[in-house]
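Observations on the model geometry
Chain by chain, the residues:
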Amino acid sequence: MKLIIQIPCYNEERTLPITFSQLPKYIKGIDEIEYLIINDGSKDKTVEVAKKLGIHHIVDMMNNRGLAKGFMAGIHACLSLGADIIVNTDGDNQYSGYDIEKLVQPILEKRAEIVIGDRETDNIEHFSPLKKRLQKLGSSVVRKASNTNVSDTTSGFRAYSRDAAMKLNVLSEYTYTLETIIDAGHKKLAIENVAISTNEKLRDSRLFKSMWGYIKKSAITITRTYTMMKPLKVFLSIGIIFLLIGLAIGGRFIYHWLTSDGSGHIQSLILSSITISVGVQSIFFAFVADAISANRKVNDELLYRLKKLEYNYLQEKNSDVHTNKKDVV
């Protein structure tokens, strides 16, 4: 059983050694533990520091591509290297590395495919009361959109089984945290929460410049992802709402036309026609979108099977190379 701990990094030369010092060197039930950093276009000495620390693998990206791209680049590298379990943590030492053993336990016991660390945000001192309330509200929305029981949906402290990691597909260029939960929930993957502790804040978040900017981008991510998963429900609901409004406005026109001399209220007739047209088109589009969604599910399954073949081949190849090296020695 091989565990790879991946750490997305962007200018983390100061915090990386602190983060690394807390990472486990041994976990019962794990045969190998390796460490990997994703250097997301750092301008400082992050890579040099990582090499001095003895981090096994470095995924080096020339430009800063963002958290979502970096996360998926790390997942790809970990799977290629034969990881059976992948843990994602942050390079700013936000999460306690001592909790990784708790994080992987549900996967080792075959109770879960994805485990998400619950920071219990009410207890984080540097979170403002407003931020705590928004975290609760956001997590509640994501739970409903994903049909899961994830407590802390924005937590990046996560563990994935090999099979679950191969099913990940992230389209967002902003962050992976919300999209992967909604996607995993609709794929019926087994998800579990584990209470974790957090460390003292070392620096401000680089993910967003303002709280409201983060809320806006998160809302867009949630809406887009849910619509991709459930297009029939979304567009059919919109269509029916417009259709009912149009019929109500049309009924108002007919009432006034019958009870008066038949003149006036032509605006209601025009608005009713437009609204009913929008409703009918939305309903029609709902079935087209549902067909596209069905095709996407087929493509996801094919992509999963291709990934399985590719990563298993790479794992066997790496194993053969390692064995040959031992023979030479």
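One structure accompanies this document, and this report is about it. Residue numbering note: each chain is counted from 1, following its sequence as written. For this predicted model, a pLDDT threshold of at least 70 governs which residues receive local features, and a threshold of 80 or more governs which side-chain atom pairs are given and counted, while totals over whole chains, interfaces and linings are taken from all residues. The side-chain figures draw on all heavy atoms in the structure; neither hydrogens nor water molecules are used.

**Points about a nonpolar patch on the surface**
This is how it is decided: Patches here: salt-bridge-free residues with over 30% relative accessible area, like charges joined within 9 Å, nonpolar side chains (Val, Leu, Ile, Met, Phe, Trp, Tyr) joined within 5 Å. Note on areas: Shrake-Rupley with a 1.4 Å probe; residue coverage comes only from the protein chains shown. For this document, the term salt bridge refers to a Lys or Arg side-chain nitrogen within 4 Å of an Asp or Glu carboxyl oxygen. Each helix is a run of DSSP H or I of at least 4 residues and each strand a run of E of at least 2, with the numbering of both proceeding from the N terminus.
Judged by side-chain polarity, Ile-238, Phe-242, Ile-266, Leu-269, Ile-270, Ile-274 and Val-278 come together as a nonpolar surface patch covering roughly 550 Å² of accessible area. Counting residues per element, the ones that place at least two in the nonpolar patch are α9 (231-259) and α10 (266-328). Sort the elements by how many residues they give to the nonpolar patch and α10 lands first, with five residues. Mapped onto the fold, Ile-270 is located in helix α10.

**Here's the deal with the side chain of Lys-307**
Which entries qualify depends on this criterion: Partly exposed describes any residue whose relative accessible area lies between the buried limit of under 20% and the exposed limit of over 50%, with all areas from a 1.4 Å probe on protein chains only and scaled to the type maximum. Only four residue types enter the tally: Lys and Arg on the positive side, Asp and Glu on the negative side; His and the chain ends are excluded. In this analysis, two residues are considered to be in contact whenever any of their non-hydrogen atoms come within 4.5 Å of each other.
By the secondary structure assignment, Lys-307 is in helix α10. One buried charge, Lys-307, has no salt-bridge partner; the nearest side chain with opposite charge is Asp-300, at 7.7 Å. When sequence neighbours within four positions are dropped, the list of residues in contact with Lys-307 reads Met-166, Leu-168, Asn-169 and Asn-312.

**Side note on the nonpolar core**
To be explicit about the condition: Only buried residues count toward a nonpolar core. Its members are Ala, Val, Leu, Ile, Met, Phe, Trp, Tyr and Cys residues joined through side-chain atoms within 4.5 Å. The source of the domain bounds is an automatic or database domain assignment.
Counting residues in each nonpolar core, the largest one holds 38 residues, and the members touching the most others are Leu-36, Phe-71, Ile-75, Leu-79, Ile-86 and Ile-114. Split by domain, the residues of this core number at least three in each of domain 1 (2-207) and domain 2 (229-327). Once residues lying within four places of it in the same chain are set aside, the contact partners of Leu-79 are Ile-86, Arg-162, Ala-165, Met-166 and Tyr-311. Membership of the second largest hydrophobic core comes to 28 residues, among which are Leu-16, Tyr-35, Ile-55 and Phe-157.

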